[in-house]
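Spelled out from the first residue to the last, the chains are:
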Amino acid sequence: MANPNIVNVATINGESQGFNLTATTTTSLMAAVSSSKVVKINRITVSNVDGSSAADVTVSIVKAAYTSAANGASIGTQTAFIASTISVPADASLVLLDTPIYLQEGDVLRGGASASGDLDLFVSYDVIA
(Lines give C-alpha, C1' and ligand atoms only; values in the text may rest on other atoms or scores of the structure.)
Protein backbone atom coordinates (compact mmCIF):
# COMPACT_ATOMS: atom_id res chain seq x y z
CA MET A 1 0.00 0.00 0.00
CA ALA A 2 1.61 3.23 -1.17
CA ASN A 3 1.66 6.30 1.03
CA PRO A 4 2.89 9.11 -1.25
CA ASN A 5 5.22 11.76 0.11
CA ILE A 6 3.05 14.88 -0.06
CA VAL A 7 6.06 17.21 0.05
CA ASN A 8 7.08 16.16 -3.48
CA VAL A 9 3.71 16.31 -5.21
CA ALA A 10 3.17 16.84 -8.93
CA THR A 11 -0.45 18.00 -8.69
CA ILE A 12 -3.03 19.17 -6.20
CA ASN A 13 -6.54 19.33 -7.63
CA GLY A 14 -9.34 20.87 -5.61
CA GLU A 15 -12.66 19.05 -5.99
CA SER A 16 -16.05 18.79 -4.35
CA GLN A 17 -19.00 16.43 -4.54
CA GLY A 18 -22.56 16.43 -3.32
CA PHE A 19 -24.57 13.34 -2.36
CA ASN A 20 -28.23 12.79 -1.59
CA LEU A 21 -28.01 10.16 1.13
CA THR A 22 -29.97 6.91 1.10
CA ALA A 23 -31.13 4.90 4.10
CA THR A 24 -28.13 2.57 3.75
CA THR A 25 -25.38 3.89 6.05
CA THR A 26 -22.71 1.73 4.40
CA THR A 27 -23.15 3.25 0.93
CA SER A 28 -19.78 4.09 -0.67
CA LEU A 29 -19.87 7.80 -1.40
CA MET A 30 -16.29 8.23 -2.59
CA ALA A 31 -14.77 5.09 -4.11
CA ALA A 32 -11.44 3.74 -2.89
CA VAL A 33 -8.59 6.22 -3.29
CA SER A 34 -6.43 5.33 -6.29
CA SER A 35 -2.84 4.16 -6.11
CA SER A 36 -0.20 6.88 -5.60
CA LYS A 37 -2.80 9.46 -4.48
CA VAL A 38 -3.87 11.00 -1.21
CA VAL A 39 -7.22 12.73 -0.69
CA LYS A 40 -7.27 15.56 1.83
CA ILE A 41 -10.86 16.10 2.95
CA ASN A 42 -11.22 19.72 4.03
CA ARG A 43 -14.89 19.97 4.97
CA ILE A 44 -18.04 17.85 5.16
CA THR A 45 -21.41 19.55 5.55
CA VAL A 46 -24.84 17.92 5.76
CA SER A 47 -28.16 19.66 5.08
CA ASN A 48 -31.64 18.43 5.88
CA VAL A 49 -33.84 19.26 2.89
CA ASP A 50 -37.01 17.99 4.58
CA GLY A 51 -39.11 20.88 5.80
CA SER A 52 -40.76 19.12 8.72
CA SER A 53 -38.74 16.16 10.06
CA ALA A 54 -35.30 15.67 11.55
CA ALA A 55 -33.11 12.91 10.12
CA ASP A 56 -29.97 11.15 11.38
CA VAL A 57 -26.69 11.11 9.46
CA THR A 58 -23.91 8.53 9.66
CA VAL A 59 -20.57 9.05 7.91
CA SER A 60 -17.52 6.79 8.19
CA ILE A 61 -14.13 6.13 6.69
CA VAL A 62 -13.12 2.56 5.92
CA LYS A 63 -9.34 2.62 6.25
CA ALA A 64 -7.55 0.04 4.11
CA ALA A 65 -4.74 -1.95 5.71
CA TYR A 66 -1.43 -0.07 5.53
CA THR A 67 1.99 0.34 7.09
CA SER A 68 2.28 3.42 9.28
CA ALA A 69 4.86 6.00 8.20
CA ALA A 70 5.05 7.09 11.85
CA ASN A 71 6.35 3.84 13.31
CA GLY A 72 6.34 1.15 10.60
CA ALA A 73 3.51 -0.75 12.29
CA SER A 74 1.12 -2.78 10.16
CA ILE A 75 -2.41 -1.43 10.60
CA GLY A 76 -5.35 -3.63 9.63
CA THR A 77 -8.56 -2.53 7.93
CA GLN A 78 -10.60 -0.29 10.24
CA THR A 79 -13.86 1.65 10.18
CA ALA A 80 -13.79 5.06 11.85
CA PHE A 81 -16.95 7.13 12.27
CA ILE A 82 -16.96 10.87 11.61
CA ALA A 83 -20.63 10.96 12.64
CA SER A 84 -22.87 8.21 13.98
CA THR A 85 -26.64 8.77 13.96
CA ILE A 86 -26.29 12.53 14.49
CA SER A 87 -29.67 14.26 14.30
CA VAL A 88 -30.00 17.05 11.73
CA PRO A 89 -33.08 19.21 12.35
CA ALA A 90 -35.52 19.96 9.53
CA ASP A 91 -34.33 22.75 7.21
CA ALA A 92 -30.95 22.91 8.98
CA SER A 93 -27.30 22.37 8.07
CA LEU A 94 -24.54 20.89 10.20
CA VAL A 95 -20.76 20.92 9.71
CA LEU A 96 -19.52 17.38 10.33
CA LEU A 97 -15.86 18.06 9.60
CA ASP A 98 -13.91 21.31 9.29
CA THR A 99 -10.44 20.08 10.24
CA PRO A 100 -8.68 18.25 7.39
CA ILE A 101 -8.21 14.49 7.37
CA TYR A 102 -6.33 12.35 4.84
CA LEU A 103 -7.54 9.32 2.93
CA GLN A 104 -4.84 7.00 1.67
CA GLU A 105 -4.82 4.43 -1.12
CA GLY A 106 -7.79 2.09 -0.76
CA ASP A 107 -9.67 4.19 1.83
CA VAL A 108 -13.43 4.72 1.23
CA LEU A 109 -15.86 7.39 2.44
CA ARG A 110 -19.24 5.88 3.34
CA GLY A 111 -22.47 7.30 4.65
CA GLY A 112 -26.23 7.32 4.82
CA ALA A 113 -29.28 8.74 6.53
CA SER A 114 -32.16 7.51 8.63
CA ALA A 115 -34.56 8.60 5.87
CA SER A 116 -33.76 8.31 2.15
CA GLY A 117 -33.64 11.59 0.31
CA ASP A 118 -33.86 13.87 3.37
CA LEU A 119 -30.15 14.65 3.77
CA ASP A 120 -27.64 16.11 1.32
CA LEU A 121 -23.94 15.74 2.07
CA PHE A 122 -21.33 18.05 0.56
CA VAL A 123 -17.63 17.18 0.62
CA SER A 124 -14.78 19.56 -0.30
CA TYR A 125 -11.39 17.94 -0.85
CA ASP A 126 -7.98 18.02 -2.58
CA VAL A 127 -6.58 15.15 -4.64
CA ILE A 128 -2.82 15.07 -4.12
CA ALA A 129 -0.61 13.10 -6.51
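Quick caveat: nothing in here was measured; it's all calculated off a predicted structure.

Chemist: Before we go on, may I ask you to explain the nonpolar core in this structure?
Modeler: The tendency in soluble globular proteins is for nonpolar side chains to be buried as a group. In this structure, L121 and V123 are the most contacted members of the largest nonpolar core, which totals 25 residues. Sorting the residues of this core by element identifies β2 (27-30), β3 (38-48), β4 (55-63), β7 (78-88), β8 (93-97), β10 (108-113) and β11 (119-128) as the ones contributing at least two each. The biggest single contributor to this core is β11, with five residues. With sequence-adjacent residues up to four places away left out, L121 is seen in contact with Q17, G18, F19, L21, L29, I44, T45, V46, V59 and L96.

Chemist: Sorry, what's going on with the sheet that holds β4 here?
Modeler: Hydrogen bonds between backbone atoms are what pair the strands of a sheet, whose relative direction is either parallel or antiparallel. Taken in spatial order, the four strands of this open sheet run β2-β10-β4-β7, and their pairing is antiparallel. Either end of the sheet is taken by a strand with one partner, and the two such strands are β2 and β7. Within this sheet the neighbouring strands show an average axis-to-axis angle of 30°, counted without direction. Two elements, β2 and β10, share three bridges in a ladder whose sense is antiparallel. Residue pairing in the sheet places M30 in a bridge with L109 of β10.

Chemist: Explanation requested: the layout of surface pockets in the structure shown.
Modeler: It is a probe the size of a water molecule, rolled over the atoms, that shows where empty space is left. Approximately 200 Å³ is the volume found for the largest pocket. Forming the boundary of the largest pocket are 14 residues, of which M30, A31, V39, Y125 and V127 lie nearest the centre. For the lining of the largest pocket, the secondary-structure elements that each account for two or more residues are β1 (12-20) and β11. A per-element tally of the lining of the largest pocket places β1 first, with three residues. Split into classes, the residues belonging to the lining of the largest pocket amount to eight nonpolar, three polar and three charged.

The rules behind each value
- Residues numbered from 1 in each chain as written.
- Predicted model: local features only at pLDDT ≥ 70, side-chain atom pairs only at ≥ 80, totals over all residues.
- Heavy atoms only, no water.
- Core = buried A, V, L, I, M, F, W, Y, C linked by side-chain atoms within 4.5 Å.
- Buried < 20%, exposed > 50% of the residue type's maximum accessible area, 1.4 Å probe, protein only.
- Helix = DSSP H or I, 4+ residues; strand = E, 2+ residues; numbered from the N terminus.
- Contact = heavy atoms within 4.5 Å.
- Pairing = 2+ DSSP bridges.
- Axes fitted to C-alpha atoms, helices over the stretch in contact; angles between N-to-C directions.
- 1 Å grid on protein atoms, 1.4 Å probe; cavity = no way out; pocket = protein on both sides within 12 Å on 5 of 7 lines; lining within 4 Å.
- Points joined across faces, edges and corners; volume = space filled by probe spheres on them.
- Nonpolar A, V, L, I, M, F, W, Y, C, P; charged D, E, K, R; others polar.

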